[in-house]
Amino acid sequence: MAAKSVALAERRLLDVKLGELPAWVGTCDLTPNGFIRGVRRGYDRYMNKYINVRRGGLGGVTMFVVGYITLSYIFSFDHVKHDRWRKYH
């Protein structure tokens, strides 16, 4: 069975061949509204794959919590770094 022919603009990044990459980037909507639509599309894919499932596990929620903890640590790293070098005496 042959693969379906999909327009270049509708392909995912992993489905684009290296020679088609400049043309694919040219079809992307790089406006603020296009960026918001892309983030929304990614959020919807994540929700449909990990959260809105019949028999879900802890995988999707765990990924969200780990991401939140990682971002919180990155944002507070300067404070943690200064506490490490501070001398208390």
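Quantities reported herein were computed from a predicted structural model and do not represent experimental measurements.

Novice: A description of the overall build of the chain should follow, citing residues and the corresponding values.
Specialist: In terms of helices and strands, the chain carries 4 helices and 0 strands. Ordered by position from the N terminus, the helices and strands of the chain form the series α-α-α-α. When burial is assessed residue by residue, the chain has 4% of its 89 residues classed as buried.

Novice: Any chance you could break down the packing of helix α2 (residues 32-51) against helix α3 (residues 59-75) for me, citing the residues and the numbers?
Specialist: Two elements in contact, α2 and α3, have axes separated by 8 Å at closest approach and are oriented at 130 degrees. In terms of axis orientation, α2 runs oblique to α3. On α3, the residues that touch Tyr-46, Tyr-50 and Ile-51 of α2 are Gly-60, Val-61, Met-63 and Phe-64. Here the residues of the contact of α2 with α3 are counted per class, giving 6 nonpolar, 1 polar and no charged.

Novice: Before we move on, can you summarise the pattern of salt bridges with the specific residues and values?
Specialist: When the charged atoms of two side chains with opposite charge come close together, those side chains can pair. Tallied over the full model, the rule gives 3 salt bridges. Between Arg-11 and Glu-20 there is a salt bridge, and its shortest N-O distance comes to 2.6 Å.

Novice: Help me get a handle on the confidence of the model for the chain, residues and values and all.
Specialist: This prediction gives the chain a mean pLDDT of 80; 82% of its residues lie at or above 70. Across the chain, the secondary-structure element scoring lowest on mean pLDDT is helix α4 (residues 77-85), at 65, and the one scoring highest is α2, at 88.

Novice: Give a detailed account of a nonpolar patch on the surface, specifying residues and quantitative values.
Specialist: A surface patch of nonpolar side chains, amounting to about 770 Å² of accessible area, comprises Tyr-50, Ile-51, Val-61, Met-63, Phe-64, Val-65, Tyr-68 and Ile-69. Listing elements by their share of the nonpolar patch, those giving two or more residues are α2 and α3. Element by element, the count of residues in the nonpolar patch is highest for α3, at 6 residues. Within the secondary structure layout, Ile-51 lies in helix α2.

What counts, and at which threshold
Along every chain, residues carry numbers that run from 1 in the direction the sequence is written. Local features in this predicted model are restricted to residues of pLDDT 70 or higher, and side-chain atom pairs are both shown and tallied only at a pLDDT of 80 or more, whereas totals for entire chains, interfaces and linings draw on every residue. Where side-chain values are given, they derive from all heavy atoms of the structure, hydrogens and water being excluded. Secondary structure follows DSSP: runs of H or I at least 4 residues long count as helices, runs of E at least 2 residues long count as strands, and numbering of each begins at the N terminus. Burial classes: relative accessible area under 20% of the type maximum marks a residue as buried, over 50% as exposed, and values in between as partly exposed (1.4 Å probe, protein chains only). Note on geometry: axes are C-alpha line fits, over the in-contact stretch for helices, and angles between N-to-C directions span 0 to 180 degrees. Under this scheme an angle from 65 to 115 degrees is roughly perpendicular, one under 35 degrees roughly parallel, and one over 145 degrees roughly antiparallel; angles in between are oblique. A contact between two residues is defined here by any heavy atoms of the two lying within 4.5 Å. Only Asp, Glu, Lys and Arg are considered charged in this grouping, and only Ala, Val, Leu, Ile, Met, Phe, Trp, Tyr, Cys and Pro are considered nonpolar; every other residue, Gly among them, is considered polar. Between Lys or Arg on one side and Asp or Glu on the other, a salt bridge is scored when a side-chain nitrogen of the former is within 4 Å of a carboxyl oxygen of the latter. pLDDT is a residue-level measure of predictor confidence that goes from 0 to 100. Only residues above 30% relative accessible area that lack a salt bridge enter a patch, with like-charged residues linked at up to 9 Å and the nonpolar side chains Val, Leu, Ile, Met, Phe, Trp and Tyr linked at up to 5 Å. Each accessible area is a Shrake-Rupley estimate made with a 1.4 Å probe; only the visible protein chains count as cover when residues are assessed.

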